[in-house]
Amino acid sequence: MIIFLYGQDSYRISQKLKEIVSSYKAKNPSGLNFIKLDFAENNINDFYQAVKFDSFIPEKKLIIIKSVFHADSEALLKFLKSNNFSKREDTILVAVSSSDDKSKLFEYLTGKPNQAQNFKLLKEYEIKNWAKRFLNSFGIELAGDAMDFLVLNSGNNLWKLD
């Protein structure tokens, strides 16, 4: 299974990643098959080794790859296709990118049966709705003027709003 998270809103991507990892750890408590790589720091061979690594504990493997387009896209695409990652039941691959690189790899990651989610920057009214829900989760309510001031001074930076 492949899950592809991409877009400019790094805050919401981060929150979705936390949700995926939390769900995985609830079902696979040992955590021995959880691997996190960043192609800005790691190379594609580290990914190949992570895929080949077999744990003695029979759990699904969760592999998170950040900065997926920093790798050799053609080699990665060939590897994913040849290992049939889209239909694998034993491995969940979560690929993350802050851009939408319109390459063949991008087309593959966004294609069916993969799960892809684009995290575009929110519009002003969406930010206000997001901030309202976020504050309500802490039991905080703001008047309209205070909310406008908060959003105006934070822009579309959800990290700052948080």
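Residues numbered from 1 in each chain as written. Predicted model: local features only at pLDDT ≥ 70, side-chain atom pairs only at ≥ 80, totals over all residues. Heavy atoms only, no water.

**Digging into helix H2 (residues 44-52)**
The following threshold applies: The buried label applies to any residue whose accessible area, calculated with a 1.4 Å probe on protein chains only, is under 20% of its type's maximum; exposed applies above 50%, and partly exposed to all values in between. Strands here mean DSSP runs of E at least two residues long; helices mean DSSP runs of H or I at least four residues long; both are numbered from the N terminus. What the arc describes is the spread of directions from the helix axis to the C-beta atoms. Here a residue-residue contact requires only that any non-hydrogen atoms of the pair lie within 4.5 Å.
Within H2, the full set of buried residues consists of Ile-44, Phe-47, Tyr-48, Ala-50 and Val-51. Looking straight down H2, one finds that the buried residues subtend no more than 160° of arc, so they occupy a single side. Of the exposed residues in H2, the ones pointing more than 90 degrees away from its buried face are Gln-49 and Lys-52. Buried residues along H2 sit in contact with strand E2 (34-38), strand E3 (61-66), helix H3 (73-82) and strand E4 (91-97).

**Comments concerning a nonpolar patch on the surface**
Heads up, the condition is: Like-charged residues within 9 Å of one another, or nonpolar side chains (Val, Leu, Ile, Met, Phe, Trp, Tyr) within 5 Å, are grouped into patches, provided each residue has over 30% relative accessible area and no salt bridge. Computed by Shrake-Rupley with a 1.4 Å probe, the accessible areas treat only the displayed protein chains as cover when residues are assessed. Criterion for a salt bridge: a side-chain nitrogen of Lys or Arg within 4 Å of a carboxyl oxygen of Asp or Glu.
Judged by side-chain polarity, Phe-138, Ile-140 and Leu-142 come together as a nonpolar surface patch covering roughly 280 Å² of accessible area. Along the chain, the position of Ile-140 falls in the loop between helix H5 (124-136) and helix H6 (144-154). Ile-140 sits in the partly exposed class, given a relative accessible area of 37%.

**Overview of the side chain of Arg-88**
Our working definition: Under the rule applied, a polar contact is a pair of N or O atoms within 3.5 Å (in protein, one hydrogen donor and one hydrogen acceptor; residues adjacent in sequence only if both atoms are side-chain atoms).
Tracing the backbone through its elements, the reader meets Arg-88 in the loop between H3 and E4. Separated by 3.1 Å, the side chains of Arg-88 and Asp-90 make a polar contact. When near neighbours in sequence (up to four residues on either side) are disregarded, Arg-88 contacts Met-1, Val-51 and Asn-83.

**Thoughts on the packing of aromatic side chains**
Applicable threshold: Only Phe, Tyr and Trp rings are paired, with Trp represented by its six-membered ring, and only when their centres lie within 6.5 Å; those with planes under 30 degrees apart are stacked, over 60 edge-to-face, the remainder tilted. Put simply, a charge is over a ring when the Lys NZ or the Arg CZ is close to the ring centre, within 6 Å, and near the line of the ring normal, within 35 degrees.
Going through the model one piece at a time under the given rule, you end up with 16 aromatic pairs. Plain terms: the ring middles of Phe-4 and Phe-106 are 5.8 Å apart, the flat faces sit at 80° to each other, and that makes the pair edge-to-face. Taken together, the positions of Phe-4 in strand E1 (residues 2-6) and Phe-106 in helix H4 (residues 104-110) put the pair 102 residues apart, joining distant regions of the chain. A single burial state applies to Phe-4 and to Phe-106, both of which are buried. On the basis of an interplanar angle of 85° and a centroid distance of 4.9 Å, the ring pair of Tyr-11 and Trp-159 is categorised as edge-to-face. You can see Tyr-11 sitting in helix H1 (residues 10-27) and its partner Trp-159 sitting in helix H7 (residues 158-161), a full 148 residues away along the chain. For Tyr-11, a relative accessible area of 3% translates into the label buried. What links up through ring pairs into an aromatic cluster is the set Tyr-11, Trp-130, Phe-134, Phe-138 and Trp-159. We note Arg-88 situated over the ring of Phe-85; from NZ or CZ to the ring centre the distance is 4.8 Å.

**Quick look at the sheet that holds E4**
Quick reminder of the rule: In this scheme, strands are said to pair when DSSP sees at least two bridges between them. What counts as an axis is a line fitted to C-alpha atoms, over the stretch in contact for a helix, and the angles between N-to-C directions run from 0 to 180 degrees.
Taking strand neighbours across the sheet as the criterion, the five strands line up as E2-E3-E4-E1-E5 in an open arrangement whose pairing is parallel. One side of each edge strand has no neighbouring strand; the edge strands of this open sheet are E2 and strand E5 (115-118). Averaged over neighbouring strand pairs, the angle between their axes works out to 10° when direction is ignored. In the sheet, E2 pairs with E3 via five bridges, with the strands oriented parallel. Paired with Ile-35 across the strands is Ile-63, a residue of E3. Packing against the sheet, H1 makes contact with E1, E2, E3, E4 and E5, and its axis sits at approximately 165° to E3.

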